[in-house]
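Structure assessment
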Amino acid sequence: MYNSKIIGLGYYVPDNVVTNDDLTKFMETSDEWIQERTGIQQRRWAVEGGEDTTATMGVKAAKVAIERAGIDKDDIDFIVFATLSPDYYFPGPGVQVQKALDIKTVGALDIRNQCSGFVYGISVADQYIKSGMYKNVLVIGSELHSKGLDKTTRGRGVTVIFGDGAGAAVLSREEDTTKGILSTHLHSQGEHAEELSLMAPGMGKRWVSDILADNNPEDESYFPYMNGQFVFKNAVVRFSEVIMEGLMKNNLTKEDIDLLVPHQANLRISQFIQGKFRLNDDQVYNNIMTYGNTTAASIPIALTEAWEQGKVKAGDLVVLAAFGSGFTWGSVIIRW
Ligand code: UT7
């Protein structure tokens, strides 16, 4: 048995900054409401008709991570791509990354676990490396939300939250099993699948032909729906549970945490968890203020920034935690 460790991190966000005041030009909202409820000040939204897509942003983040890992793209044994906003209905963007990076015929797996997608991806990569099956695995989380949001007042409860961007990590074999990823913890609760969802197009309820046939401007089924307060209440409970689960599994306590990088769902959620675990501001990394909620990309973007700022040092205990649509949630306990 081996451990896996993160040897390279990278991120990419579109240049186009959209402030809260910009949003007031096309929906009834305010900078005050958004900041008070979410902490978000601005987000990046790809320019309409521009080059940024979920796959191309993922590729840019991956290139940085691979370069920093100090390996060649041909050393990558497997690709894992997490997103809820793929370029195509199928195939998933994992193979697009493979093509763009000109990586031979290694496997490419697409993960559909929304805000928990990167944590699920890390867990998958970790198991492959632990078992000895692969040595280097590329894990990407990328989202292009902006094209799929309801940009009218009707959609404001969801639209103001989400931003575009991508993050990537290269995981590699670590022979010392006291270092690297110590454990991962995954959960889901399908009974709440519809509480944060996008129903169409989907074979179950409304396929493209149904939407075109109805041609109904009131149809909201192809915009994301979120029961915000219900999601919020579940998030604070599950985040706390799954961080605790990870600590207990490794005989650690909250005092051992050097850095918590939570999925950037809402600054109020991060602050609640910070208070619950009695962590100081330096022990929790948040960037939702500048990027909004980038779903599967939020943890790798935040982790990369934290690493770039020297907040992640050798020997540190780093905890990643996520909660989101599914519901799905999970944590990763890392000895850096
Ligand atoms: O990343 C995946 C996981 N996601 C989450 O964890 C998100 C969890 N939920 C949340 O973060 C919060 O529920 C939201 C930020 C989404 C919403 O905040 P809230 O405090 O739960 O607001 P609400 O949905 O209960 O809406 C309160 C009021 C409503 O007006 P009335 O009915 O009280 O008159 C909304 O219509 O705020 C109104 N509202 C807005 N007003 C201005 C909703 N969105 C907006 C907006 N601007 N953007």
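Right above here is the structure, for reference.
The text that follows walks through the structure, step by step, so that each part is easy to find. (Residues numbered from 1 in each chain as written. Predicted model: local features only at pLDDT ≥ 70, side-chain atom pairs only at ≥ 80, totals over all residues. Heavy atoms only, no water.)

A separate point is helix α11 (residues 298-308). Counted residue by residue, α11 has nine buried out of 11 residues, so it is predominantly covered. Buried within α11 we find Ser298, Ile299, Pro300, Ile301, Ala302, Leu303, Thr304, Glu305 and Ala306. Taken from the residues just after α11, Gly310 is the one with a positive phi, measuring 75°. (Buried < 20%, exposed > 50% of the residue type's maximum accessible area, 1.4 Å probe, protein only. Helix = DSSP H or I, 4+ residues; strand = E, 2+ residues; numbered from the N terminus.)

Another point: the sheet that holds strand β4 (residues 78-82). Within a sheet, neighbouring strands are paired by backbone hydrogen bonds and run either parallel or antiparallel to one another. Pairing is mixed in the open sheet, where five strands are placed in the order β1-β7-β6-β4-β5. Each edge of the open sheet is held by one strand with a lone partner, namely β1 (3-12) and β5 (107-111). Between one strand and the next, the sheet's axes are offset by a mean angle of 20°, whatever the strand orientation. Sitting on the sheet, helix α3 (residues 54-69) is in contact with β1, β4, β6 (136-143) and β7 (165-174), with an inclination near 125° to β1. Its contacts with the sheet put helix α4 (residues 93-101) on β4, β5 and β6, and the angle it makes with β4 is roughly 130°. (Pairing = 2+ DSSP bridges. Axes fitted to C-alpha atoms, helices over the stretch in contact; angles between N-to-C directions. Contact = heavy atoms within 4.5 Å.)

The computed volume of the largest pocket comes to approximately 1200 Å³. Leu84, Ser85, Pro86, Leu198 and Ala200 are, among the 35 residues lining the largest pocket, the residues nearest its centre. By residue class, the composition of the lining of the largest pocket is 16 nonpolar, 13 polar and six charged. There are two domains that each give the lining of the largest pocket at least three residues, and those are domain 1 (3-174) and domain 2 (180-196 + 224-335). Taken as a whole, the second largest pocket encloses approximately 700 Å³ of empty space. Around the second largest pocket, the lining is made up of 34 residues, and of these Gly157, Ile161, Met226, Gly228 and Gln229 lie nearest the centre. When residues of the lining of the second largest pocket are traced back to their parent elements, those giving at least two are α2 (31-38), α6 (156-159), β10 (225-226), α8 (228-249), α9 (267-276) and β12 (317-324). No other element matches the six residues that α8 contributes to the lining of the second largest pocket. Residues of the lining of the second largest pocket, tallied by class, amount to 19 nonpolar, nine polar and six charged. (1 Å grid on protein atoms, 1.4 Å probe; cavity = no way out; pocket = protein on both sides within 12 Å on 5 of 7 lines; lining within 4 Å. Points joined across faces, edges and corners; volume = space filled by probe spheres on them. Nonpolar A, V, L, I, M, F, W, Y, C, P; charged D, E, K, R; others polar. Domains from an automatic or database assignment.)

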